[in-house]
Amino acid sequence: MNLERLTIFVKIVEAGSMSAAAGLVHLTQPALSRNLKLLEEELAAQLFERRGRGLVLTAAGRALLPRARSLLAQASTITKEVERVVGRRYFDVRVGTVDSVATYLFPKVVDPLRDAYPDLGVKLATGRTADLLRRVSADDLDLAIIAWSDEPPVARATPVGHYDLRFWGRADRFPALAAATTEAELAAFPIVQIESLPGQPTMIPEDAPTWALANSLASVKALVLAGFGVGALLGFMLTPEERCQLSVSHFDHDPHCRLWVCASPHWVSEAELAIESTLVSALTQALG
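Quick notes on the rules
Residues numbered from 1 in each chain as written. Predicted model: local features only at pLDDT ≥ 70, side-chain atom pairs only at ≥ 80, totals over all residues. Heavy atoms only, no water. Helix = DSSP H or I, 4+ residues; strand = E, 2+ residues; numbered from the N terminus. Buried < 20%, exposed > 50% of the residue type's maximum accessible area, 1.4 Å probe, protein only. Pairing = 2+ DSSP bridges. Axes fitted to C-alpha atoms, helices over the stretch in contact; angles between N-to-C directions. Contact = heavy atoms within 4.5 Å. Core = buried A, V, L, I, M, F, W, Y, C linked by side-chain atoms within 4.5 Å. Phe/Tyr/Trp six-rings, centres within 6.5 Å; stacked < 30°, edge-to-face > 60°. Patch = residues over 30% accessible without salt bridge, like charges linked within 9 Å, V, L, I, M, F, W, Y side chains within 5 Å. Areas by Shrake-Rupley, 256 points an atom, 1.4 Å probe, with all protein chains shown as cover. Salt bridge = Lys/Arg side-chain N within 4 Å of Asp/Glu carboxyl O. Disulfide = S-S within 2.5 Å.

Q: Where do I start with unusual backbone geometry in this structure?
A: Excluding glycine, residues mostly carry a negative phi; peptide bonds, for their part, are mostly trans. In this model, histidine 26 sits at a positive phi of 60°, which is unusual for a non-glycine residue. Along the chain, histidine 26 falls in the loop between α2 (18-25) and α3 (29-43). You can call histidine 26 exposed: its relative accessible area is 71%. In this structure, aspartate 139 is a non-glycine residue whose phi angle is positive, near 65°. Examined against the element boundaries, aspartate 139 turns out to sit in the loop between α7 (129-137) and β5 (143-149). A relative accessible area of 26% means that aspartate 139 is categorised as partly exposed.

Q: What is the right way to read the sheet that holds strand β8 (residues 191-194) from this model?
A: Consider a sheet: its strands pair through backbone hydrogen bonds, and that pairing is either parallel or antiparallel. Read from one edge to the other, the open sheet built from five strands follows the order β9-β8-β10-β7-β11, with strand pairing classed as mixed. What marks the edges here is a single partner per strand, and that holds for β9 (211-214) and β11 (246-252). Each adjacent strand pair in this sheet contributes to an overall mean axis angle of 35°, direction not counted. The pairing of strand β7 (residues 165-170) with strand β10 (residues 230-234) spans four bridges and is antiparallel. Bridge pairing links leucine 165 to leucine 234 in β10. Against the sheet, helix α9 (residues 217-225) engages β7, β8, β9, β10 and β11, with an angle of about 125° to β10.

Q: What exactly am I supposed to notice about the nonpolar core here?
A: The tendency in soluble globular proteins is for nonpolar side chains to be buried as a group. Judged by nonpolar contacts, the single largest core of 64 residues is most densely connected at Ile145, Tyr163 and Leu279. If we ignore the near neighbours within four places in the chain, the residues touching isoleucine 145 are Val95, Gly96, Thr97, Val98, Val101, Phe106, Leu132, Leu259, Trp260, Val261, Leu279 and Leu283. Counting residues in hydrophobic clusters, the runner-up holds 18 residues, among them Ile12, Met18, Val25 and Leu65.

Q: Would you mind going over the packing of aromatic side chains with me for this structure?
A: Within a pair of aromatic rings, the relevant descriptors are the distance that separates the centres and the angle that separates the planes. The tally for this structure, following the rule as stated, stands at three aromatic pairs. Note on phenylalanine 167 and phenylalanine 251: the rings are 6.4 Å apart at their centroids and 45° apart in plane angle, and the pair reads as tilted. Of this pair, phenylalanine 167 sits in strand β7 while phenylalanine 251 sits in strand β11, and the two are 84 residues apart along the sequence. The exposure classification of phenylalanine 167 matches that of phenylalanine 251, with both residues buried.

Q: I'm lost on a nonpolar patch on the surface in this one. Help?
A: A surface patch of nonpolar side chains, amounting to about 270 Å² of accessible area, comprises Met1, Leu3 and Leu71. Residue classification places leucine 71 among the partly exposed positions, given a relative accessible area of 37%.

Q: Could you clarify how one ought to interpret the pairing of β9 in this entry?
A: The side chains of a regular strand alternate, first on one face of the sheet and then on the other. Along β9, the buried face is formed by Ala212 and Ala214; none of Trp211 and Leu213, which line the opposite face, is buried. With four bridges connecting them, β8 and β9 associate as parallel partners. Of the residues in β9, the one forming a bridge with glutamine 193 is leucine 213.

Q: Explain the state of the cysteines to me, please; I cannot follow it from the model alone.
A: Throughout this description, disulfide means a covalent bond between two cysteine sulfur atoms. Taken as a whole and judged by the stated rule, the model has zero disulfides. Between cysteine 262, a cysteine without a disulfide, and cysteine 257, which holds the nearest cysteine sulfur, the sulfur-to-sulfur distance is 11 Å. On the basis of relative accessibility, which here comes to 0%, the residue cysteine 262 falls in the buried class.

Scope: geometric values only; no functional claims are made or implied.
Here is the structure:
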């Protein structure tokens, strides 16, 4: 729908007459009348009727007025947002991360990003790796930070570091954990794990008397530190004090898994690549 004609319609209502509205929009009265007629033809409805020397809105005009004002307000907001982005010369960045990164690693990269780009708008979302890959490939995200074995199936992916997922447990409760080197040996302990998606394998034996399913690594960590059982955690999730309380197995959950920064196929400008590089560097430093 033509926004200029909607503006003319609203100005006629506000001014109360065609002649007064013509002055407001800097058009001759015949040009104003033509634009109004075109709008009425587009809507297949008469918007005004004459009563005496004035104009009165028809039922169609009354229905259109609030919607026209809403559309014009939205258009003005869009214009201001675009001008704001152009003025600072780079874009907002839409970042998706797996839960472990969002909770324990991303907070460490906030300051480096803010220092490099003080006005950068960061829109952060968390999700499972498969969903993040789908969203970044569809350009619903600009960048996704995921854990993946081998190379992710995206247009561009940059490795950040090993995603060292190992099984940890309270040393005073599970001292034998340090000697566990296989999945079968781990199954002898009470397992705390994130709830699997349909079709995914589980570490919990069918006849296990004690186990826990959590919905986040933060919950796994809390239960492990409480001594409930042993669970797969990442080194960057643990403070030095917490490590002193725990034993760790020598079973590598996935020796090929790495942390990756994946980019949308449309994330290619010089400014965008610079933001991506800053994020990769900050993550690499945070991993140590």
